[in-house]
Amino acid sequence: MHVQPYSTILRRCQLCLYSCLKRLQSETSRNQNMRLYRQLNRAFLSNRRTYGQRPVVSSTMDADEIKHFRSLANTWWDETGEFEALHAMNKIRIPFIRDGLVQQLEMSPRNPAEPLQGLSVVDVGSGGGLLTEPIARLGAFVVGIEPVEESTKIAQLHLEEDPRLLPRVKYITGSVEDLVSTEAETFDAVVASEVVEHVNDLEAFMASCCSLVKPGGSLFVTTMNKTLLSRTLAVFGAEKVFRIVPEGTHDWQKFVPPSDLQSILEKNHFHTRLLHGMLYMPVLREWRWVPDTSINYALHAVKD
C-alpha cells in the first residue's frame, strides 16, 4: 500500500483549513480570513509534534490534579453533573470576556451576534470545551489547550456536533508552556478560568500566559481568594455539604489572593482593568456578580 509523505498530508490539511475559512460569513473581510488562517495554521503546525516524538516541556500543572480531572473527563457536558457550576458560570464569564474585549479594543462589531470576529484567543485549561465553544460562537478563533488527553478528546467530539465552529477552534493536548516558544505575543486574549488554583508554580504559569498576549491584549482570570471564608465555603461547603464539586477538587493552599495575582501580572507588564467578586448561589444554581472578592473573583488585565 502506498503511504503518502507527511508533508503531502500536512499540505492537504492546510488547504482544507483554508477552504473552510473561505466559507465564513460574507461580512468577514478577506484580510480577516487570511489572518485567521495564518493563526489556525500556526496552531496546527505547532501541534504536529503529536505525530512524532513530543518534546519535553516543563509543565506547571500538578500531576495529582491531572489525574483527578482525568477521572471526570466523561462528565464535562453533563449540565447537572460534576461540572454544573462551570456550566452556570458561563452566564457571567462569557459576557465578562466579550464586553472586556470589545471595550478594551474599542471595537464596533459589524455583526452584533459575533462581536469578537477577527480576534484570536487562548483558553488555558480548556477541559471539555465548556468555555472554548461559546467564545468561538462570538466569532473568535480559539485555541483550547488542556493537559488531560481524555478531556481534549471529549471536547473535539462535542465540537464536531457543530460544523460551523470547526474552522474556529483548535484543541491541543498539552500545557500553556508548550505554546510559548512559537506563539509569543500572538493572541488578542488569554483566558485562564478556574485554572490558577490547580497549578504548582503560579508565577511560571502566569508568565507563560502573559507571554502569549499581544501588547494591548487582555488576560482574563477567574479563581478563588485565599481567605478563611473561601476555605469554609468553597472547600468544605462546596465539596462536603452542597456537593457542588467532587471532594478533593480544591486545595486551599493553592488559592490566590487578588493582590498576589496583581503583583505577578505587574511583573509581566500588565495592569488591572477590572476586579470583581463572584458568588455561586447553590439553591438557585446560578452565579452573581458581587462587590466582595473574599471567595471567588474575576480579573481583567491588559498588557502594556
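Note: the structure precedes this text.
This text gives an overview of the structure that appears in the document.

Calculation rules
- Residues numbered from 1 in each chain as written.
- Predicted model: local features only at pLDDT ≥ 70, side-chain atom pairs only at ≥ 80, totals over all residues.
- Heavy atoms only, no water.
- Buried < 20%, exposed > 50% of the residue type's maximum accessible area, 1.4 Å probe, protein only.
- Helix = DSSP H or I, 4+ residues; strand = E, 2+ residues; numbered from the N terminus.
- Arc of directions from axis to C-beta.
- Contact = heavy atoms within 4.5 Å.
- Pairing = 2+ DSSP bridges.
- Axes fitted to C-alpha atoms, helices over the stretch in contact; angles between N-to-C directions.
- Phe/Tyr/Trp six-rings, centres within 6.5 Å; stacked < 30°, edge-to-face > 60°.
- Salt bridge = Lys/Arg side-chain N within 4 Å of Asp/Glu carboxyl O.

### Some remarks on helix H10 (residues 258-267)
For H10, the complete set of buried residues consists of Pro-258, Leu-261, Ile-264 and Leu-265. Around the axis of H10, the buried residues are gathered within 125° of arc, so they sit on the same side. Among the exposed residues of H10, those pointing more than 90 degrees away from its buried face are Glu-266 and Lys-267. Those residues of H10 that are buried are in contact with helix H8 (202-211), strand E5 (213-224), strand E6 (270-281) and strand E8 (296-303). Just downstream of H10 lies His-269, where phi reads positive at about 65°.

### A closer look at the sheet that holds E8
Strand order across the open sheet formed by eight strands is E3-E2-E1-E4-E5-E8-E6-E7, with mixed pairing between neighbours. With partners counted over all chains shown, the strands left at the sheet margins are strand E3 (169-173) and strand E7 (286-290), one partner each. Adjacent strand axes in the sheet meet at a mean angle of 20°, parallel and antiparallel pairs treated alike. Looking at chain direction, E5 and E8 are connected through seven bridges and run antiparallel. Counterpart to Leu-219 in the pairing with E8 is Ala-301. Seen against the sheet, H8 touches strand E1 (120-124), strand E4 (187-193), E5, E6 and E8 and runs at an angle of roughly 140° to E5.

### Thoughts on the packing of aromatic side chains
Considering all chains together, one arrives at four aromatic pairs under this definition. Between Phe-96 and Trp-289 the ring centres are 5.5 Å apart and the planes differ by 55°, which places this aromatic pair in the tilted class. Of this pair, Phe-96 sits in helix H4 (residues 84-104) while Trp-289 is found in strand E7, placing the two residues 193 residues apart along the sequence. A relative accessible area of 9% means that Phe-96 is categorised as buried. Look at Tyr-280 and Trp-287: their rings are 5.1 Å apart centre to centre, the planes differ by 45°, and that puts the pair in the tilted class. A relative accessible area of 10% places Trp-287 in the buried class.

### Regarding the pairing of E7
Two faces belong to every sheet, and in a regular strand the side chains alternate between them. Relative to E7, E6 runs antiparallel, the two being bridged by five bridges. Pairing of Tyr-280 across the sheet is with Trp-287, part of E7. The loop that links E6 with its antiparallel partner E7 comprises four residues; one of these, Arg-285, has a positive phi angle of about 55°.

### A word on the pairing of E6
Bridging between E6 and E8 involves eight bridges; their strand directions are antiparallel. Residue pairing across strands places Leu-275 opposite Leu-299, the latter belonging to E8.

### Things to note about the pattern of salt bridges
Considering all chains together, one arrives at 12 salt bridges under this definition. Where Lys-303 meets Glu-185, a salt bridge forms, and the shortest distance between an N and an O atom there is 3.3 Å. Taken together, the positions of Lys-303 in strand E8 and Glu-185 in the loop between helix H7 (177-183) and E4 put the pair 118 residues apart, joining distant regions of the chain. The network of salt bridges with common partners includes Glu-133, Arg-137, Asp-162 and Arg-164.

From the geometry alone we can't say anything about function, so treat these as descriptive.
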